[in-house]
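# Geometric and topological summary
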Number of protein chains: 2
Amino acid sequence: MHSIDAVDLDLLRALAEDPGATTVALAQRLGISRNTVAARLARLEDAGAFLSFDRRIDPAVLGHPLLAFIEITVHQRDLARIVEHLARIPEVVQAYGHSGTADLRVHVVCRDTDHLFRIDAAILRIDGVERTETSLAMGELIPYRVQPLVEKLRRGT
Amino acid sequence: MHSIDAVDLDLLRALAEDPGATTVALAQRLGISRNTVAARLARLEDAGAFLSFDRRIDPAVLGHPLLAFIEITVHQRDLARIVEHLARIPEVVQAYGHSGTADLRVHVVCRDTDHLFRIDAAILRIDGVERTETSLAMGELIPYRVQPLVEKLRRGT
DNA sequence: CCGCCCGTTGAGCACTCTGCGCAGCGCGGC
DNA sequence: GCCGCGCTGCGCAGAGTGCTCAACGGGCGG
């Protein structure tokens, strides 16, 4: 098992700055050979370091600018079936199992509050769902980022 | 202002299937000219359709497999300063303003529960933070996805 | 201490892809 | 009917890719 080293971290950092960068560009930026860059990239790739491209697609551009978090309380034993039903709702972009009072936390994107209301209703219609608690995200105060973490690891390595 | 059309949606779909695909590959897959692909891609790009590359980096590979949601209640007027402080914690990967009882929802990645505990403590130390409520994500039941939404729009267009 | 293994390196090769400009064409708006 | 725009195919020079190769160096076990 190979673990992430300083070179990998530098690579991730460079990639974050310019996701479209070519192998050669990355190589000369980091001062290493392009063969090495390709090798590292491949290694990261099949270590599963890169998540789906979907994560980079902005739902706002798709006409769904609103994000809501819905906590769902369910009959525990029906969990699998319920998740299956949730997966059929296109506006459900993500779902987590959840410690605490609720059992499920669902991330939902929508056109407007009315749309959200209808999605919530759809979720409530799923058999086994007991109650939902919706909260609206009012602006992404810190946009998703991993770089500070990368920097920290980089310094620590 | 151009809005997203069927070609763009197909492009996003193809891209999701193979994020590394070349312009030519995408072109022949969609049966359009490579010039068009390049043009569309550029247009999507500066329409802001693509979010930061960070979103594709798996924190788990960075040694932070745990994800937690922390709801924070704050003195409203101190919000900006508090967010600034939160931004200095590398493990804070994202933060939303929040409707409902809490004012802030923070997404945090960590090595283990002990690590989480220390991060929570750090947040509580920030001046103006009144209380926090942490819940742990127990598995990503539906991994982040936009494709179903893309498909839906595609059919509707 | 020696030899082996592994990752890195630079070089070289054929091939593909890119970025660009260009002219033609179909379609909707005026 | 005319204009403008976006799509298209073409072609070019230049850059990048995937691959292989031999050489080098550090780390490790024998």
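What counts as what
- Residues numbered from 1 in each chain as written.
- Chains lettered and ligands numbered in written order.
- Predicted model: local features only at pLDDT ≥ 70, side-chain atom pairs only at ≥ 80, totals over all residues.
- Heavy atoms only, no water.
- Helix = DSSP H or I, 4+ residues; strand = E, 2+ residues; numbered from the N terminus.
- Rg over C-alpha atoms; globule rule 2.2 N^0.38 Å.
- Buried < 20%, exposed > 50% of the residue type's maximum accessible area, 1.4 Å probe, protein only.
- Contact = heavy atoms within 4.5 Å.
- Areas by Shrake-Rupley, 256 points an atom, 1.4 Å probe, with all protein chains shown as cover.
- Lys, Arg positive; Asp, Glu negative; His and termini not counted.
- Charge placed at Lys NZ, Arg CZ, Asp CG, Glu CD.
- Least-squares fit on C-alpha atoms with pLDDT ≥ 70 in both.
- Phe/Tyr/Trp six-rings, centres within 6.5 Å; stacked < 30°, edge-to-face > 60°.
- Lys NZ or Arg CZ within 6 Å of the ring centre and 35° of its normal.
- Near = heavy atom within 4 Å.
- Polar contact = N/O pair within 3.5 Å; in protein donor to acceptor, adjacent residues only side chain to side chain.
- Nonpolar A, V, L, I, M, F, W, Y, C, P; charged D, E, K, R; others polar.
- Axes fitted to C-alpha atoms, helices over the stretch in contact; angles between N-to-C directions.
- Parallel < 35°, antiparallel > 145°, perpendicular 65-115°, else oblique.
- Domains from an automatic or database assignment.
- Expected span 1.5 Å × (residues − 1).
- Arc of directions from axis to C-beta.

### Digging into the overall build of chain A
Counting its regular elements, chain A contains 6 helices and 4 strands. Along chain A, helices (α) and strands (β) appear in the sequence α-α-α-β-α-β-β-α-β-α when read from the amino end. Expected size for 157 residues packed as a compact globule is a radius of gyration near 15 Å; at 20 Å, chain A overshoots this value by more than 25%. Taking the principal axes of the C-alpha coordinates as reference, chain A spans close to 55 × 35 × 25 Å. Looking at chain A as a whole, 50% of its 157 residues are labelled buried. The contacts of chain A with a sequence gap of at least 6 include a subset with a gap of at least 24, amounting to 65%. On chain A, roughly 7,800 Å² of surface is accessible, and the fraction owed to carbon and sulfur atoms is 51%. Where the 19 positive side-chain charges of chain A centre and where its 22 negative ones centre are 5 Å apart.

### Let's talk about the relation of the copies chain A and chain B
Laying chain A over chain B is done by rotating through 180° and shifting 0.0 Å along the axis; what remains is an RMSD of 0.0 Å. Read as a symmetry element, the transformation amounts to a two-fold axis. Ranked by how close their C-alpha atoms come to the rotation axis, the residues of chain A are headed by A:Arg55, at 2.8 Å. Taken as a fraction of all interface residues of chain A, those also at the interface in chain B reach 100%, which identifies the copy contact as same-surface.

### Concerning the packing of aromatic side chains
Within the structure shown, the criterion is met by 4 aromatic pairs over all chains. Aromatic side chains A:Phe50 and B:Phe53 sit 5.9 Å apart centroid to centroid with 65° between the ring planes, which places their arrangement in the edge-to-face category. Within this pair, whereas A:Phe50 is found in the loop between helix H3 (34-46) and strand S1 (66-74), its partner B:Phe53 is found in the loop between helix H3 (34-46) and strand S1 (66-74), the two belonging to separate chains. For B:Phe53, a relative accessible area of 8% translates into the label buried. In this arrangement the basic side chain of A:Arg105 is found over the ring face of B:Phe69, its NZ or CZ atom lying 4.2 Å from the centre.

### Concerning the protein's contact with DNA strand C
Every one of the 13 residues lining DNA strand C counts as a neighbour, but A:Asn35, A:Thr36, A:Arg40, B:Thr23 and B:Arg34 are closest to it. Taken together, the sugar and phosphate atoms account for 59% of what DNA strand C places within 4 Å of the protein. Within the side chain of A:Arg40, an N or O atom sits 2.3 Å from a phosphate oxygen of DNA strand C. Going through the elements one at a time, H3 of chain A together with helix H2 (23-30) and H3 of chain B are the ones with two or more residues in the surface near DNA strand C. The greatest single-element share of the surface near DNA strand C, amounting to 5 residues, is contributed by H3(A). When the residues that make up the surface near DNA strand C are grouped by side-chain class, the tally is 2 nonpolar, 7 polar and 4 charged.

### Examining the packing of helix H1 (residues 6-17) of chain A against H3(A)
When two helices pack together, their arrangement is given by the angle between the helix axes and by the axis-to-axis distance. Residues and elements named next belong to chain A. Where H1 contacts H3, the axes come no closer than 11 Å and their chain directions differ by 90°. Of the possible angle classes, the one that applies to H1 and H3 is roughly perpendicular. Contacts between H1 and H3 involve Val7, Asp8, Leu11, Leu12 and Leu15 on the former and, on the latter, Val37, Arg40, Leu41, Arg43 and Leu44. When the residues that make up the contact of H1 with H3 are grouped by side-chain class, the tally is 7 nonpolar, no polar and 3 charged.

### Describing the domain arrangement of chain A
Assigned domains of chain A: these are domain 1 (6-50) and domain 2 (66-136). For domain 1 of chain A and domain 2 of chain A, the distance between their C-alpha centroids amounts to 38 Å.

### A short note on helix H5 (residues 113-124) of chain A
Three- or four-residue spacings in an α-helix give side chains the same orientation, since the helix completes a turn every 3.6 residues. All names here are of chain A. Taking 1.5 Å of rise per residue, 12 residues should cover 16 Å, and H5 covers 16 Å from first to last C-alpha, within 8% of that figure. Restricting attention to buried positions, one finds in H5 the residues His115, Leu116, Ile119, Asp120 and Ile123. Each buried residue of H5 sits inside an arc of 140° when the element is viewed along its axis, so together they form one side. Here H5 starts with a cap whose side-chain oxygen sits 3.1 Å from the backbone nitrogen of Asp114, and that cap is Asp112.

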